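So the chains spell out like this:
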Amino acid sequence: MNNYLKNEDSEYLKQHSKNPVNWYPWNKVAHDEARKKNKIIILSIGYSSCHWCHVMEKESFRNKVIAKYMNENFISIKVDREERPDIDNLYMEAIQLMGIQGGWPLNIFLLPNLKPFYGGTYFNPNQWFGLLNSISKAYKSNKREFTESSEKFTEDLRRDYQNKYGSDSNFSIKSLAYELKLKFDIEHGGINRSQKFPMSSMWNSLLYYSKYNDEKEIYDHVFNTADKIIEGGIYDHIRGGFFRYSTDKYWNIPHFEKMGYDNGLILELLSNLYSLTKKEKYKEVIDETYNWLFEEMYDESGGFYSSVDADSDGEEGKYYLWKYKELESTFSKKEFKEIKEIFSIPSQAEFNDKILIKRNFNYSNNLISIKKIKKKLLSIRAERIRPNIDKKIILSWNSIILKGLISAYQSLGDRKYLDLALKNSDFIIKNFIKKRNIPRIYKNDINAFLDDYAHTISAFIKLYEVTLDNEFINLSRKLMEDSIQLFYNKKEMLFNFSGIKNEKLIANKIEVFDDVIPSSNSVMFYNLLYLGKFYNDKLYQSIYNNMTIKLKKILNNYEFMSNWIFVNQINHNKINEIEAFNLDNLLEDIKKINSWYLPNKMVKSNTKNSGSSKKSISNQKQYYVLCRNNVCEKPINSLDQLKKIII
């Protein structure tokens, strides 16, 4: 046995390092071995907190009979999707082109030239061994058919985006919003399907669309969805933080892994909802999620870890589940009565190995009692075997969390959010941006991808807006310049996911569709709009306009183009450029402006380090100039007056 994963940094690869399978990491040695021996490659992709990855590892990859067959007939390669999203994106698209639903673990079969011909996700041991046997025998007898199939899929992967996803129909954003509205689960929130992901970016987009287009039903549904999410089992009511998705339509039964990016995106959504309503329930969840991030996911160096495993003590969700008798025997009768009321606990027969939910609870009452009960529940849970934390620190995910923290500061005004954001930004600058080659992962030499650049630019734009420190906006501009050099595809008028410093694969994926995380191209779309306006940069404006043309040709679905639509609506509604002059309490006033729900704003101040291009035009004590599309209003002398004009 020769398993080559033992010296890898990845937590996921280490989890497979003792398998009897002769796993290789993705590298030239493995590829050369496949070509030399003319063997099919099994490419198996997953991540450390993935439950079904663990299941297949236990059932199949620890099985000595299956491992022996894999070793004799294949070259087996393991990839951590979080380290190499370029490989994952490419081969995930390949199996979708084969008509197979994607997911993890992703198991795909490649010819020695790395071109795919078949794949799937989870297979039980009998299915997996049968598939291995069938493919091995068929390849030995009919290589030509495999070659033809792989060439076809590779050709499809290389097709330009217009041919892949272009549409002749002229969809309006309104018609797409109405089409999505028909799929709403009005009672339980979200989209009407059996599994539900938070999809924070989509609800943010619909929130903005509905508010500024007076679409009350959509607006109300966004709030209903957020309420169902934070009341259900997808939210960890004891510790804070959100699980990855719900396995039922009620948001009650989570898939138990916690991902850093989900929590950053949900912080941003809830902060927007709080800005609009000032409701205590949003504040409480934001605060608890902050506590979880800071106390469990924050490294003393200043970065955030990537994820928490779905499994603990060999079972999915075991750390988070409760039994009726356990609660009854631990608490006094009065406390247990409160617990049953707070967490909607039914009879004993209906409550065993359950997650706690908090439906229809009045947040304005009993807050002291809730905190006391939660503290006791947490102390009980702390005695259990904890799920593993994957301590890799990923640039793009840290930037998403950073943006969520800044959003919380803007909305709630609590300095602790900004303090943590500044510590994280210092860490990012020191350990990523100031490196000669920006890495994707802390203490790892994998070069950053487009998503790392895009989300970092966006986060530093937002950090500039709360600090007015010119360093942050200038860093955003520098990263934008680098992004254009490294990733921009002039022919496609979009950005490649892999840049000129990344490994060249059989095709270069262009990430367009928004999913749980907004796509790197849609985030760049926003960055170009903002920085093009801020610096009056003609190149940025030109690339943005070209991407707008491209958007119109592929826009056919709100759900998976939601962040594109969000940015497009910002431009359509015109950016409110707010410039402050002569303010005695500059940051305090800017703090008030940032607390308003106003996604289409740009804040500047007329100070030497603010990035402003204007000079003070008056000796008045304080005033604001509001500009839209290069046309400016008369000077405005008060925040109240400014608010009336733009809200």
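Described in the following lines is the structure provided in the data block. (Residues numbered from 1 in each chain as written. Predicted model: local features only at pLDDT ≥ 70, side-chain atom pairs only at ≥ 80, totals over all residues. Heavy atoms only, no water.)

### Describing the overall build of the protein chain
Then, number 1: In terms of regular secondary structure, the protein chain is built from 25 helices and 20 strands.
Then, number 2: For the protein chain, the C-alpha radius of gyration of 26 Å lies close to 26 Å, the compact-globule estimate for 647 residues.
Then, number 3: Oriented by its inertia axes, the alpha-carbon framework of the protein chain measures out at about 85 × 70 × 45 Å.
Then, number 4: A buried classification covers 61% of the 647 residues belonging to the protein chain.
Then, number 5: The long-range fraction of contacts in the protein chain, counting pairs at least 24 apart against all pairs at least 6 apart in sequence, stands at 71%.
Then, number 6: Of the roughly 27200 Å² that the protein chain leaves accessible, carbon and sulfur atoms contribute 47%. (Helix = DSSP H or I, 4+ residues; strand = E, 2+ residues; numbered from the N terminus. Rg over C-alpha atoms; globule rule 2.2 N^0.38 Å. Buried < 20%, exposed > 50% of the residue type's maximum accessible area, 1.4 Å probe, protein only. Contact = heavy atoms within 4.5 Å. Areas by Shrake-Rupley, 256 points an atom, 1.4 Å probe, with all protein chains shown as cover.)

### Quick notes on the side chain of S562
Then, number 1: For S562, the position within the fold is in helix α23 (residues 562–572).
Then, number 2: Residues contacting S562, with those up to four places away along its chain left out, are S201, M202, S205 and D514.

### Description of the pattern of salt bridges
Then, number 1: A full pass over the atoms with the stated rule returns 40 salt bridges.
Then, number 2: Two residues, R35 and D32, come together in a salt bridge whose shortest N-O distance is 3.5 Å. Highlighted residues: R35 and D32, both in helix α2 (residues 28–37), separated by 3 residues, approximately one helical turn.
Then, number 3: For R35, a relative accessible area of 44% gives the class partly exposed.
Then, number 4: A relative accessible area of 31% means that D32 is categorised as partly exposed.
Then, number 5: A salt bridge links K281 to D227, with the shortest nitrogen-to-oxygen separation between them at 3.0 Å. You can see K281 sitting in helix α13 (residues 280–296) and its partner D227 sitting in helix α11 (residues 216–231), a full 54 residues away along the chain. For the residue pair K281 and D227, the accessibility class agrees, reading buried in each case.
Then, number 6: Several salt bridges share partner residues, and in doing so they unite D80, E82, D390 and K392 into one network. (Salt bridge = Lys/Arg side-chain N within 4 Å of Asp/Glu carboxyl O.)

### Thoughts on the packing of aromatic side chains
Then, number 1: Enumeration according to the criterion identifies 43 aromatic pairs in this entry.
Then, number 2: For the ring pair Y324 and F336, a centre distance of 5.3 Å and an interplane angle of 90° mean the geometry is edge-to-face. Pair noted here: Y324 is in helix α14 (residues 324–330) and F336 is in helix α15 (residues 333–342), with a separation of 12 residues, a long-range link.
Then, number 3: Judged by relative accessible area, Y324 falls into the buried class, the value being 8%.
Then, number 4: Site record: aromatic cluster; members linked through ring pairs are W23, F61, F74, F109, F117, F123, W128, Y139 and F146.
Then, number 5: Geometry around Y535 places R477 over its ring, the cationic atom sitting 4.1 Å from the centre. (Phe/Tyr/Trp six-rings, centres within 6.5 Å; stacked < 30°, edge-to-face > 60°. Lys NZ or Arg CZ within 6 Å of the ring centre and 35° of its normal.)

### Concerning the state of the cysteines
Then, number 1: Per the counting criterion, the structure on display carries 2 disulfides.
Then, number 2: Here C50 is linked by a disulfide to C53, with a sulfur-sulfur distance of 2.5 Å. On the S-S bond that ties C50 to C53, the torsion sits near 80°, and the link is right-handed. There is no split in this pair, since C50 and C53 are both buried. (Disulfide = S-S within 2.5 Å.)

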